[in-house]
Amino acid sequence: MQSKVLTFNITGEQARKLFAAAQSCGAEVSAISQADFEQPLGALLGALPRKNAVCLTPFGEKMLIMCGFSRAQMEQFLDILKKEQVTIPYKAMLTPTNLTWQCDALVRELVKEHAQIQQMRGQS
C-alpha cells in the first residue's frame, strides 16, 4: 500500500501545509467528507467494502490518520508538521486492529487517549 494520509476537518492553510508535508514524504492525501465518517477506515482506503451508512455523529475536530507509513516516514512527516506549525490534536496510525473501525469509534478512542495524556501532563 502506498503511504496515505486521511484528513478530517483540515482546511485552508493548514491543509496546504499538510499536503506539502505528505508530498515531501512520498504520501498521498485524501480529505474525508463528513458523509463518510461512518465508514470503516479500510473502506476509505478501498481495502474493505463500503457500508450503507449515514453519518449520525459528525465531529468538528481536526484529525489525521497515517496509513502505510514506516516509522521513519511518520517521524519525518510529524516533524515537518511541527516545524510548519500545523496543529492537529488527533493523530493515529492505521493498524490491523483499527482497519475495521468506523471513524467515529476511532475519534472516541483518540479523544479518550488525548484526555488521559493531558491529565498526566497536568499531574507532572
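Here, every reference points to the structure presented above.
Now for a description of the structure that goes with this document. Only a predicted model underlies this, so the values are computations on that prediction, with no experimental measurement involved.

Per the stated rule, a full pass over the model turns up seven salt bridges. One salt bridge connects D36 with R50, and the closest N-O pair in it is separated by 2.4 Å. With D36 in the loop between strand 2 (28–32) and helix 2 (41–44) and R50 in the loop between helix 2 and strand 3 (63–67), the pair connects residues that are 14 residues apart, well separated along the chain. For R50, a relative accessible area of 49% translates into the label partly exposed.

Structurally, P89 can be placed in the loop between helix 3 (71–83) and strand 4 (90–93). The sequence separation of P89 and C25 amounts to 64 residues, and the corresponding C-alpha distance is 20 Å. Those residues in contact with P89, other than ones at most four positions away along the chain, are E61, K62 and H114.

Glancing now at unusual backbone geometry. The phi dihedral of N9 falls on the positive side, at around 60°, and the residue is not glycine. Phi at Q85 is positive, roughly 60°, even though this residue is not glycine. Here Q85 is to be found in the loop between helix 3 and strand 4. Its relative accessible area of 65% is what places Q85 among the exposed residues.

About the criteria used
- Once a new chain begins, its residue numbering starts again from 1 and follows that chain's sequence as written.
- It should be noted that, the model being predicted, local features are given only for residues of pLDDT at least 70 and side-chain atom pairs only at 80 or more, the latter also being counted only at that level, while totals for whole chains, interfaces and linings use all residues.
- By convention in this description, side-chain values take in all heavy atoms of the structure and omit both hydrogens and water.
- When a carboxyl oxygen of Asp or Glu lies within 4 Å of a side-chain nitrogen of Lys or Arg, that pair is called a salt bridge.
- The way it works is that DSSP assigns letters per residue, a run of H or I at least four long becomes a helix, a run of E at least two long becomes a strand, and they are numbered from the N terminus.
- Think of it in three bands: with a 1.4 Å probe and only protein chains considered, a residue is buried below 20% of the maximum accessible area for its type, exposed above 50%, and partly exposed in between.
- Whether two residues are in contact is decided by their heavy atoms: any pair within 4.5 Å suffices.

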